[in-house]
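Here is how the chains run, residue by residue.
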Amino acid sequence: MSDHPVPGSVCDTRGSTSVTELESALQTLSVTGDDDTTRILSEHPRIVLADSRLKGSPCFLYLPPGKNEFVLVDYLKSLRTVASWPVWNQPAPSPPSDPESCSYRIDMAFDKGLGMYATRALKAGELIVEERPVYAMRRQIIRGEDQTHENGIFHRNAVRGLCPKSRAALMSLKNSYPPDVHVVPGTLCTNYLQLDITPEPDVMNEFVGCFPVLSRANHACSPNANYYFSFPSFTGQFWAMRDIAKDEEITIGYCRLIAPRRQRQADLRDRFFFTCTCSTCLLSGEQLAQSDERRTKLEKLLTTLETNSMPKFSSPTGALQLLEKALGWAQQEKLAVHQAQILFYGSNALTVQGTSPDVVLDWMKRARELFKDTEGERSYNVRRLDDSIQFAERMLYRR
Ligand SMILES: C[S@@+](CC[C@H](N)C(=O)[O-])C[C@H]1O[C@@H](n2cnc3c(N)ncnc32)[C@H](O)[C@@H]1O
C-alpha cells in the first residue's frame, strides 16, 4: 500500500464510520471460530482458499509477498498468473517527502462526511494522487447486494489477512449501507472504484477495488477530477480535468454522467444512499431542461459512435457539424472525458463519412491531448492514438 498521507482524521468520527462501528468491525475481523472455513494454500505469496469445503471456491491473494498490503479476491487459476506479474517488485508510489507539498487533504465535507480538497491551485492535466488499492476483487464475487451473513464472513475473512495498517485504512472508510448489511461488504460497496485490469474490460472480466485515499473523494455530476486505473503500475490515479482552485473540493463521477438528473439521482440513491446536490443538480427550470437535453443527446450520440452505427450523411460536412455541436454540449456540461471520447470515436466516424484526412488527423490529435490530460501520457487511449496518428500521418505524406 502506498504511504500517501491518509490524515489521522480518517479514523475520527466526523461524518464517517463511528469509532464504535469501527471497533466492532475490527473485533469481528479477529474472531476465529466455526465460520473460519479458509485454508492457506501458499505462504509466499500468501494465497488463501476462501472455503475449503467448496471445490473451486474463490481465493485471497495477498501482495506484495511478505507485506500483505493488499488483497486480490479471484479464482485460483487467475490469481496464480497475477502473482507472477513483475509489477509487485516495483515500489508502490510514495508520498511527497514534504507533506506541505501534498496537493490534497482529506477534510470534513459537511453533510457528505469526509471529502478531498486541493491544498493549492491545481492545473488541468495534473496528476493529483496515485495509490494502490487495499482490496481488489472480481466484480462477480463482490455480491454487495447479497446481505447474507455468509457473504459478510467471506469478505471479513479476506480482510483479516491484510497487514494491520491496510486493514485499519479499509475498515475506517465510510459505510453507507443500512445496518442489516454486514459492515465489510457494506464498506466495500460504498467505496469501490473500477479497476481496468484488461485494456478493454468486458463484463466477465470486471474488477473493482477500494483505496485509502481515492475512496474519500465525493461525487459531482460535472466533476473536476477523473479517476483512471493504470494497469502497468496497478495504481488508481486522479487527474485534474480543469484548473482547480486552492481549497476547492476534488470530485469524481460515481454514475453514468451523460444521463438526465432524474436518472443520475436515482442511480446515486440506489448505490450510494444520497441525493446529489451538486451545482448541476441544483439547476432548475430552463437551465435544468437544457442540461438534461444536452446529456441525453450526448448519451445517444456516443452510443452510436461507440457501436459504429452513425447513419451516412449526404455530405461529410453534416457529420462534422453534428460532432462539433456535440463537443460544445460536452464542454458546456464540463465533461472533459466525454469530449475526448467524441473526438476519438468521432475521428473514426469522420473517416467513414469521407471527411478529409487532415481534419480526421486533427481530431485524433485533439483526442490525444484530452486523454493525456485526463488519464496521463502512459494511458492505453493515448498509446493507441499515438499509433493511429502515426499511421494517419504516413498515409497523408504518401499522397
Ligand atoms: C466513496 S464514499 C466518499 C467519501 C465519504 N464522504 C467519506 O466520508 O469517507 C461515498 C459516500 O460518500 C457520500 N457522498 C459522496 N458524494 C456525495 C455527494 N455529492 N453528496 C452527498 N453525499 C455524498 C455518500 O454517503 C456516499 O455513499
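Check the entry above for the structure.
About the thresholds
- Residues numbered from 1 in each chain as written.
- Predicted model: local features only at pLDDT ≥ 70, side-chain atom pairs only at ≥ 80, totals over all residues.
- Axes fitted to C-alpha atoms, helices over the stretch in contact; angles between N-to-C directions.
- Helix = DSSP H or I, 4+ residues; strand = E, 2+ residues; numbered from the N terminus.
- Parallel < 35°, antiparallel > 145°, perpendicular 65-115°, else oblique.
- Contact = placed C-beta atoms within 7 Å.
- Nonpolar A, V, L, I, M, F, W, Y, C, P; charged D, E, K, R; others polar.
- Pairing = 2+ DSSP bridges.
- Near = placed C-beta within 6 Å.
- Core = buried A, V, L, I, M, F, W, Y, C linked by C-beta atoms within 7 Å.
- Buried ≥ 20, exposed ≤ 12 C-beta atoms within 10 Å, placed from the backbone.
- Domains from an automatic or database assignment.

Orientation of helix 4 (residues 149–160) relative to helix 6 (residues 183–191), taken along the N-to-C sense of each, is 75°, at an axis distance of 7 Å. The orientation of helix 4 with respect to helix 6, classified from their angle, is roughly perpendicular. Facing Asn 151, Gly 152, His 155, Arg 156 and Val 159 of helix 4, the residues of helix 6 in contact are Val 184, Pro 185 and Leu 188. Within the contact of helix 4 with helix 6, the residues separate by chemical class into 4 nonpolar, 3 polar and 1 charged.

Once that is clear, we can look at the sheet that holds strand 14 (residues 249–252). Strand pairing within a sheet occurs via backbone hydrogen bonds; the two strands may be parallel or antiparallel. Pairing is mixed in the open sheet, where 4 strands are placed in the order 5-6-14-11. With one partner strand each, in any of the chains shown, strand 5 (104–108) and strand 11 (218–219) form the two edges of the open sheet. Alignment of strand 6 (residues 114–118) against strand 14, held across 2 bridges, turns out to be antiparallel. Residue pairing for strand 14: Tyr 117 is matched across the bridge by Glu 249.

All right, on to the sheet that holds strand 9 (residues 193–195) then. The 7 strands are arranged 1-2-3-4-8-10-9 in an open sheet whose pairing can be described as mixed. Looking at strand neighbours, the two that pair on one side only are strand 1 (39–43) and strand 9, the edges of this open sheet. Each neighbouring strand pair of the sheet contributes to a mean axis angle of 25°, computed without reference to strand direction. Pairing geometry for strand 2 (residues 46–49) and strand 3 (residues 59–63), over 3 bridges, is antiparallel. Counted as the bridge partner of Val 48 is Phe 60 from strand 3.

Once that is clear, we can look at the site of the ligand. Taken together, 21 residues lie near the ligand, and Gly 113, Leu 114, Lys 174, Ser 176 and Asn 218 sit nearest. Of all the secondary structure elements, the ones that give two or more residues to the shell around the ligand are strand 6, helix 6 and strand 11. Tallied by class, residues from the shell around the ligand come to 8 nonpolar, 10 polar and 3 charged.

Turning next to the environment of Val 184. Of note, Val 184 is situated in helix 6. Between the C-alpha atoms of Val 184 and Phe 231, which are 47 residues apart in sequence, the distance is 26 Å. Ignoring sequence-local partners within four residues, the contact set of Val 184 consists of Gly 152, His 155, Arg 156 and Val 159.

This brings us to the nonpolar core. Counting residues in hydrophobic clusters, the biggest one holds 90 residues, and the most contacted among them are Val 71 and Tyr 135. With 9 residues, helix 10 (residues 336–352) is the single largest residue contributor to this core. Here this core spans two domains, and each of domain 1 (8–252) and domain 2 (283–398) adds at least three residues to it. Discounting chain neighbours no more than four positions away, the residues touching Val 71 are Phe 60, Leu 61, Tyr 62, Tyr 135, Ala 158, Gly 161 and Leu 162.

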